Amino acid sequence: MNMIKAVDIHKKFNNLEVLKGISLTVNKGEVIAIIGPSGSGKSTFLRCLNRLETIDQGTIEIEGDVLVAGSADGKVQYAAEAEARQICRRMGMVFQQFNLFPHLTVLENVIEAPITVKGVKREDIVPQAEELLRKVGLAEKRDVYPSRLSGGQKQRVAIARALAINPDIMLFDEPTSALDPELTGEVLKAMRKLAEEHMTMIVVTHEMAFAREVANRVIFMDNGEIVEQGTPEAVFGSPSQPRTKAFLNRVV
């Protein structure tokens, strides 16, 4: 079973077509890196997968369940609200900005969603949250407030928070773009660990070394389209499309 199956995804903002027929299938345990210039539709595509943006055309299935599908009248039909929420909970998402609750401690930030969204008891989730904080190297920060953390630490808390709902899929939207270069490494290290544990991941990133070393498949997007995709060796070593070559010549 495919973890994600997106077919012919179109998305407009007013009259600007941002996604022009994107199709992508993601297998269990696969790490996919999406690269490309700013404004190419990478983040919008990611946000469409978990309904942070609604699509205008196409079909999205998560683990075989239909989140949204095209209808005979040319429009799209989303699953009923309760079912759609259930489907989207299978995906954790980490954003460019950390979006931590400033009035809650690190531990409280991590346990908030399982308690309020999934109804997990506090005594059941706290040990799991502590283990997640250990996993991202922040066990000693459990009682600290976000204002006392570095950017890299905040982003690692955001990763732990996303993992706390026990997702089957993790989506990362340029998780290091707001960080100083010296803090980027600690976040990428936490993501590498997830990849080693065979977490299914889609990562929109400008970190070419991460894409080359960690991804099973690299997708190059430009102007709302998938221009090229393949193994990191193929895309970085011998890209077949002129647009891919031009982009890589600028950034690598």
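For the structure, see preceding data.
This report concerns the structure included in the present document. Quick caveat: nothing in here was measured; it's all calculated off a predicted structure.

Two aromatic rings, taken as a pair, are described by how far apart their centres are and by the angle between their planes. Applying the stated criterion across every chain yields a total of 1 aromatic pair. Between Phe 220 and Phe 247, the aromatic rings sit 5.2 Å apart at their centres with planes inclined by 35°, giving tilted as the arrangement. Remark: Phe 247 occurs in helix α9 (residues 242-251) and Phe 220 occurs in strand β10 (residues 217-222); sequence separation between them is 27 residues.

So, on to the pairing of strand β4 (residues 57-62). Burial of β4 is one-sided: the residues Gly 58, Ile 60 and Ile 62 facing one way are buried, the residues Gln 57, Thr 59 and Glu 61 facing the other way are not. Note: β4 against strand β5 (residues 65-70), 3 bridges, orientation antiparallel. Across the sheet, residue Glu 61 finds its bridge partner in β5, namely Val 66.

Applying the stated criterion across every chain, the model contains 14 salt bridges. Put simply, Glu 30 and Arg 217 hold a salt bridge, and the shortest N to O gap is 2.9 Å. Highlighted residues: Glu 30 in the loop between β2 (16-26) and β3 (31-35) and Arg 217 in strand β10, separated in sequence by 187 residues. Taken as a pair, Glu 30 and Arg 217 share a single burial class, namely buried. Connected through shared salt-bridge partners, Arg 51, Glu 81 and Arg 85 make up one network.

Moving on, we get to the layout of surface pockets. Taken as a whole, the largest pocket encloses approximately 660 Å³ of empty space. As for the largest pocket, its lining consists of 21 residues, and the residues nearest its centre are Met 91, Met 93, Ala 113, Val 117 and Ile 165. Contributing elements (two or more residues each) for the lining of the largest pocket: α2 (81-88), β7 (91-94), α3 (106-116) and α5 (151-163). In terms of residue class, the lining of the largest pocket is made up of 11 nonpolar, 4 polar and 6 charged. In this structure, the second largest pocket spans a volume of roughly 200 Å³. Ranked by residues supplied to the lining of the second largest pocket, first place goes to helix α4 (residues 122-135) with 4 residues. Partitioning the lining of the second largest pocket into residue classes produces 7 nonpolar, 2 polar and 2 charged.

Turning next to the sheet that holds strand β1 (residues 4-13). Within a sheet, each strand pairs with its neighbour through backbone hydrogen bonds, oriented either parallel or antiparallel. An order of β2-β1-β4-β5-β6 is seen for the 5 strands of this open sheet, with the pairing classed as antiparallel. In the strand order of this sheet, the two ends are held by β2 and β6 (76-78), each with one partner. Taken pair by pair, the neighbouring strands of this sheet meet at an average axis angle of 20°, ignoring direction. Where β5 lies against β6, 3 bridges are found, and the strand directions are antiparallel. Pairing of Ala 69 across the sheet is with Gln 77, part of β6. Across the sheet, α2 lies against β4 and β5, angled at about 120° from β5, the strand it touches most.

It is worth spelling out the nonpolar core at this point. Nonpolar side chains in soluble globular proteins tend to end up buried together. Counting residues in hydrophobic clusters, the biggest one holds 50 residues, and the most contacted among them are Ile 35, Ile 159, Met 170, Phe 172, Met 191 and Met 201. The element contributing the most residues to this core is helix α6 (residues 181-196), with 7 residues. Residues within four places of Met 191 in sequence aside, it is in contact with Ile 159, Phe 172, Pro 175, Met 201, Val 203 and Phe 210. Among the nonpolar cores identified, the runner-up in size contains 32 residues, and Val 26, Cys 48, Leu 49 and Cys 88 belong to it.

For the pair α3 and α5, interaxial distance at closest approach is 8 Å and the crossing angle is 30°. By the angle class used here, α3 and α5 are roughly parallel. In the packing of α3 onto α5, the handedness of the crossing is right-handed. Here Val 106, Asn 109 and Val 110 of α3 come into contact with α5, specifically with Val 157, Ala 160 and Arg 161.

Turning next to the packing of α5 against α6. Helix-helix packing is characterised by the crossing angle of the two axes and by the distance between the axes. The N-to-C vectors of α5 and α6 enclose an angle of 20°; their axes lie 7 Å apart at closest approach. Accordingly, the angle class assigned to the pair α5 and α6 is roughly parallel. Of the two possible hands of crossing, α5 and α6 adopt the one that is right-handed. The residues of α6 that touch α5, namely those facing Gly 151, Gly 152, Gln 153, Gln 155, Arg 156, Ile 159 and Leu 163, are Leu 183, Glu 186, Val 187, Ala 190, Met 191 and Leu 194.

Criteria and thresholds
- Residues numbered from 1 in each chain as written.
- Predicted model: local features only at pLDDT ≥ 70, side-chain atom pairs only at ≥ 80, totals over all residues.
- Heavy atoms only, no water.
- Phe/Tyr/Trp six-rings, centres within 6.5 Å; stacked < 30°, edge-to-face > 60°.
- Helix = DSSP H or I, 4+ residues; strand = E, 2+ residues; numbered from the N terminus.
- Buried < 20%, exposed > 50% of the residue type's maximum accessible area, 1.4 Å probe, protein only.
- Pairing = 2+ DSSP bridges.
- Salt bridge = Lys/Arg side-chain N within 4 Å of Asp/Glu carboxyl O.
- 1 Å grid on protein atoms, 1.4 Å probe; cavity = no way out; pocket = protein on both sides within 12 Å on 5 of 7 lines; lining within 4 Å.
- Points joined across faces, edges and corners; volume = space filled by probe spheres on them.
- Nonpolar A, V, L, I, M, F, W, Y, C, P; charged D, E, K, R; others polar.
- Axes fitted to C-alpha atoms, helices over the stretch in contact; angles between N-to-C directions.
- Contact = heavy atoms within 4.5 Å.
- Core = buried A, V, L, I, M, F, W, Y, C linked by side-chain atoms within 4.5 Å.
- Parallel < 35°, antiparallel > 145°, perpendicular 65-115°, else oblique.
- Left-handed = near helix turned anticlockwise from the far one by under 90°.

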